[in-house]
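# Report on the structure
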Amino acid sequence: MLALSCVRIATADQLSMVVTDNRVGVGYTLRALRDLEALGLVGHGRHGRSKVWHLTTSGQRAVAEGGDVPVRPHAATGERAIAAGLAAHGLGVTEVMLAFGGHLLDWEVEVDHSIDKVRRVVTDAVLRRDSHRAEVEFLEFDRGTMSVARLAAKLRAYQAYSEATYHEGERGTIGTTKYVWRERYRRSRSFPLIRLVLDGGDKATLERRTEALRQQIRGIRLRVVAAPLWMLQKPSEEWTWEPIGVDDGKTRQAA
């Protein structure tokens, strides 16, 4: 249940990577999910032939009462995403999170970042690296269903978020000017690195898509690195992130 609360939706195969050893306990995981479903704590939908599991409202409440995860009163259960045909994207985000390893409690999915009263950018997942000087990283997952122009627009929305400011003091008329993002991520030294994971094509297709995106966001003042999903499914020592944002030392070091 705790794993489901972090990833929002997952298959039994994915969950078995968390609760057992490298998918050897899929049967055990399925039995546990069926027991929880009988109690009304989890539910499932379908994506192709696969069952996609999610917490129910009662399940979310039970996990929140345990105190292991931050309470998000308006967070969706995952059922709506499955019904809306968004299971493939959600399962892809889960796959990336599992590929990174570490503790799932360091992740939060579908995080809403308000730029101003009108604009916002919703991050697919946020990783809090408490073991790496409390730095935060943003994760975006693209299945090839979004045009390069729309993807570039989302990255530019991140730049707007990085530049958004507010004034301290009553009615914002006195005090100093501060960045909005720093109020949320106080311990991060710089604006979070954005990791973009691409899927939905062969190696050549994803390379062309990465290059097209690089051209679309030329001049962007953000650290953005990209990699294909298939690479993340290999051992981590084989990972190579391609800098497509600000090409400076900080970007290369982060990648």
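Further up the page is the structure itself.
What counts and how
- Residues numbered from 1 in each chain as written.
- Predicted model: local features only at pLDDT ≥ 70, side-chain atom pairs only at ≥ 80, totals over all residues.
- Heavy atoms only, no water.
- Helix = DSSP H or I, 4+ residues; strand = E, 2+ residues; numbered from the N terminus.
- Buried < 20%, exposed > 50% of the residue type's maximum accessible area, 1.4 Å probe, protein only.
- Contact = heavy atoms within 4.5 Å.
- Areas by Shrake-Rupley, 256 points an atom, 1.4 Å probe, with all protein chains shown as cover.
- Pairing = 2+ DSSP bridges.
- Phe/Tyr/Trp six-rings, centres within 6.5 Å; stacked < 30°, edge-to-face > 60°.
- Lys NZ or Arg CZ within 6 Å of the ring centre and 35° of its normal.
- Axes fitted to C-alpha atoms, helices over the stretch in contact; angles between N-to-C directions.
- Parallel < 35°, antiparallel > 145°, perpendicular 65-115°, else oblique.
- Nonpolar A, V, L, I, M, F, W, Y, C, P; charged D, E, K, R; others polar.
- Core = buried A, V, L, I, M, F, W, Y, C linked by side-chain atoms within 4.5 Å.
- Salt bridge = Lys/Arg side-chain N within 4 Å of Asp/Glu carboxyl O.

## A closer look at the overall build of the protein
Secondary structure assignment for the protein yields 11 helices and 10 strands. Across the 255 residues that make up the protein, the buried fraction comes to 44%. Looking at the protein alone, contacts between residues at least 24 apart form 58% of all its contacts between residues at least 6 apart. When the accessible surface of the protein is summed, it comes to about 14000 Å², and 49% of that surface belongs to carbon and sulfur atoms.

## Some details on the pairing of strand β2 (residues 50-55)
The pairing of strand β1 (residues 42-47) with β2 spans six bridges and is antiparallel. Residue pairing across strands places His 47 opposite Ser 50, the latter belonging to β2.

## Examining the packing of aromatic side chains
What the rule picks out here adds up to eight aromatic pairs. Considering the side-chain rings of Tyr 161 and Phe 191, the 5.9 Å spacing of their centres and the 70° angle between planes classify their relative orientation as edge-to-face. With a gap of 30 residues between them, Tyr 161 in helix α7 (residues 148-163) and Phe 191 in the loop between α8 (180-184) and β8 (193-198) connect regions that are remote in the sequence. Accessibility expressed as a relative area gives 10% for Phe 191, which makes it buried. Members of the aromatic cluster, joined through ring pairs, are Phe 138, Tyr 158, Tyr 161, Trp 181, Tyr 185 and Phe 191. It is Arg 195 that lies over the ring of Trp 241; its NZ or CZ is 4.7 Å from the centre.

## With respect to the packing of helix α2 (residues 12-19) against helix α3 (residues 26-38)
Interhelical geometry of α2 versus α3 gives an angle of 105° and a closest axis separation of 9 Å. In this view, α2 runs roughly perpendicular relative to α3, as classed from their interaxial angle. For the pair α2 and α3, the contacting residues are Ala 12, Asp 13, Leu 15, Ser 16 and Val 19 in the first and Val 26, Thr 29, Leu 30 and Leu 33 in the second. Class assignment for the residues of the contact of α2 with α3 results in six nonpolar, two polar and one charged.

## Side note on α2
Of all the residues in α2, the buried ones are Ala 12, Gln 14, Leu 15 and Ser 16. Elements in contact with the buried residues of α2: α1 (2-7), α3, β2 and α6 (87-100).

## Regarding the environment of Gly 43
Along the chain, Gly 43 turns up in strand β1. The spacing of Gly 43 and His 54 is 11 residues in sequence and 5.5 Å in space, taken between C-alpha atoms. Apart from the residues within four sequence positions on either side, Gly 43 is in contact with Glu 37, Val 52, Trp 53, His 54 and Thr 56.

## Examining the nonpolar core
Counting residues in hydrophobic clusters, the biggest one holds 36 residues, and the most contacted among them are Leu 4 and Leu 232. It is α6 that contributes the most residues to this core, five residues altogether. Other than its neighbours up to four places away in sequence, Leu 232 contacts Val 96, Ala 99, Phe 100, Val 197, Ala 227, Trp 239 and Trp 241. Formed by 28 residues, the second largest nonpolar core is a distinct cluster that contains Trp 181, Leu 196, Leu 222 and Ile 244.

## Observations concerning the pattern of salt bridges
This model, assessed by the stated rule, comprises 11 salt bridges. The salt bridge involving Glu 110 is made with Arg 8; its shortest N-O contact spans 3.1 Å. Residue Glu 110 is located in strand β3 (residues 107-114), and its partner Arg 8 is located in the loop between α1 and α2; the two are separated by 102 residues in the primary sequence. For Glu 110, a relative accessible area of 39% translates into the label partly exposed. Between Arg 214 and Glu 211 there is a salt bridge whose closest N-O contact spans 3.0 Å. A residue pair is termed a helical-turn pair when its members lie 3 or 4 positions apart in one helix, as Arg 214 and Glu 211 do in helix α9 (residues 203-216) at three residues. Taken together, the shared-partner salt bridges in this structure form one network comprising Glu 211, Arg 214 and Glu 242.

## Focus: unusual backbone geometry
As a rule of thumb, non-glycine residues mostly have phi less than zero, and peptide bonds are mostly trans rather than cis. Not every positive phi belongs to a glycine, and Arg 8 is a case in point at roughly 75°. Classification of Arg 8 by relative accessible area gives buried; the value is 7%. Of note, the phi angle at Glu 110 is positive, near 50°, even though the residue is not glycine.

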